[in-house]
Amino acid sequence: MNRQSSSGCLNQAGIILVGPKYPENIGASARIASNFGISELVVVSEEQFDEERMLKMATHKAAPLLREMRVCRTTAEAASPFHFIVGTTARQGRHRLEDQTPREVMTALAPLAATSRIGLMFGPESTGLSNEDLDFCQFASTIPTAGFSSINLAQAVAIHCYELYTAVHPHPFAAIPKSEFANSFDLEGMYEHIEEALSEITFLHDTNRAYWMRNIRQFLGRVRLKKKEASMIRGICRKLRWHGRQVPDPATAEQERPGEAISR
């Protein structure tokens, strides 16, 4: 027996497919999104996909999602409207986000679903998401399997959509006060300012830039910054850069010995 979707719960959620290879998987993802009341489908690709092959898997009920599908050239563009993004991955690494099961991730996200835009990001069928793609994500989800970790893209989409729907559905969202979290566009602007400020004070160098920025992203991603907080951090970085560019007066520098400024 089919349960009717709760349109008020997941109408701000979206599925992001990065570099999908097969039109059928896009169509199947649209059908799954429609099943669980997810309102947006985003594809990152420069290819033109066969509409007939997509529609064959989507069926007529999910056809509107395909017609309104947003096609982006970059992951940054696809991620920009979303406040919280779950990156799905079977690979692990020292510099990756801490992996959780889909159920654990969706339980953490459920209280945020009513007031924030949530994106579920999936990588290409053959390789999955890259570290650069995962930089846009605040959560990482890995489907536990019995040894063989390869799962079809549409199956992975279905598992994550189901877990998000079941985590969200019981919550009395009307009682949750509205709050504005920073979306990916806000966060990327903030990270640019952080990187510029840290480069200017020589904390970042070409040899360690990617390592430290990835760690900073992961730390701040766990904080769940509000829009005004991301703006505040950008303001701090701009001020740090401004002060770093001020040239001290040589005469004042000669007169003031180390320790004198502190004692005043």
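Source: prediction; values computed, not measured.

Another aspect to go through is helix H7 (residues 153-168). Taking 1.5 Å per residue, 16 residues should reach 22 Å; H7 reaches 23 Å between its end C-alpha atoms and fits that length. Taken together, the buried positions of H7 are Leu153, Ala154, Ala156, Val157, His160, Cys161, Glu163, Leu164, Tyr165, Ala167 and Val168. Capping the start of H7 is the job of one residue whose side-chain oxygen sits 2.8 Å from the backbone nitrogen of Ala154: Asn152.

Next up on the list: the sheet that holds strand S1 (residues 14-18). Pairing is parallel across the open sheet formed by 7 strands, whose spatial order is S3-S2-S1-S6-S4-S7-S5. The open sheet has two edge strands with one neighbour each: strand S3 (70-72) and strand S5 (99-100).

Moving on, we get to the packing of aromatic side chains. Within the structure shown, the criterion is met by 5 aromatic pairs. Plain terms: the ring middles of Phe36 and Tyr162 are 6.4 Å apart, the flat faces sit at 70° to each other, and that makes the pair edge-to-face. Of the two residues, Phe36 is situated in the loop between helix H2 (23-35) and strand S2 (40-44) and Tyr162 in helix H7; the sequence distance between them amounts to 126 residues. Where Tyr211 meets Trp212, the ring centres are 5.1 Å apart and the plane angle is 75°; that geometry is what we call edge-to-face. For Tyr211, a relative accessible area of 39% translates into the label partly exposed. Each residue in the set Phe36, Tyr162 and Tyr165 is aromatic and connected to the rest through ring pairs, giving one cluster.

Here the idea is simple: oppositely charged side chains can pair when their charged atoms come close. For the structure on display, the rule yields 14 salt bridges. Here Arg241 makes a salt bridge to Glu196, at a shortest N to O gap of 2.8 Å. Highlighted residues: Arg241 in helix H10 (residues 227-244) and Glu196 in helix H8 (residues 184-200), separated in sequence by 45 residues. Among the salt bridges present, the one from Glu200 reaches Arg241, with a minimum N-O distance of 3.1 Å. Of this pair, Glu200 sits in helix H8 while Arg241 sits in helix H10, and the two are 41 residues apart along the sequence. It is possible to trace a salt-bridge network through shared partners that takes in Glu196, Glu200, Arg241 and Arg245.

This part is about unusual backbone geometry. Despite not being glycine, Thr59 has its phi angle at roughly 65°, a positive value. Note that Thr59 resides in helix H3 (residues 51-67). Using a relative accessible area of 27% as the deciding quantity, one classes Thr59 as partly exposed. For Thr202, which is not glycine, the phi torsion reads 65° and is therefore positive. Structurally, Thr202 can be placed in the loop between H8 and helix H9 (209-223).

A few words on the environment of Ser116. Following the sequence through the fold, Ser116 ends up in the loop between helix H5 (102-109) and strand S6 (118-122). Among the residues examined, Ser116 registers a relative accessible area of 1% and is labelled buried. A sequence separation of 35 residues divides Ser116 from Pro81, and the C-alpha atoms of the two residues are 9.9 Å apart. What Ser116 contacts, discounting residues up to four positions off in sequence, is Gln12, His83, Phe84 and Phe181.

Criteria and thresholds
- Residues numbered from 1 in each chain as written.
- Predicted model: local features only at pLDDT ≥ 70, side-chain atom pairs only at ≥ 80, totals over all residues.
- Heavy atoms only, no water.
- Helix = DSSP H or I, 4+ residues; strand = E, 2+ residues; numbered from the N terminus.
- Expected span 1.5 Å × (residues − 1).
- Buried < 20%, exposed > 50% of the residue type's maximum accessible area, 1.4 Å probe, protein only.
- Polar contact = N/O pair within 3.5 Å; in protein donor to acceptor, adjacent residues only side chain to side chain.
- Pairing = 2+ DSSP bridges.
- Phe/Tyr/Trp six-rings, centres within 6.5 Å; stacked < 30°, edge-to-face > 60°.
- Salt bridge = Lys/Arg side-chain N within 4 Å of Asp/Glu carboxyl O.
- Contact = heavy atoms within 4.5 Å.

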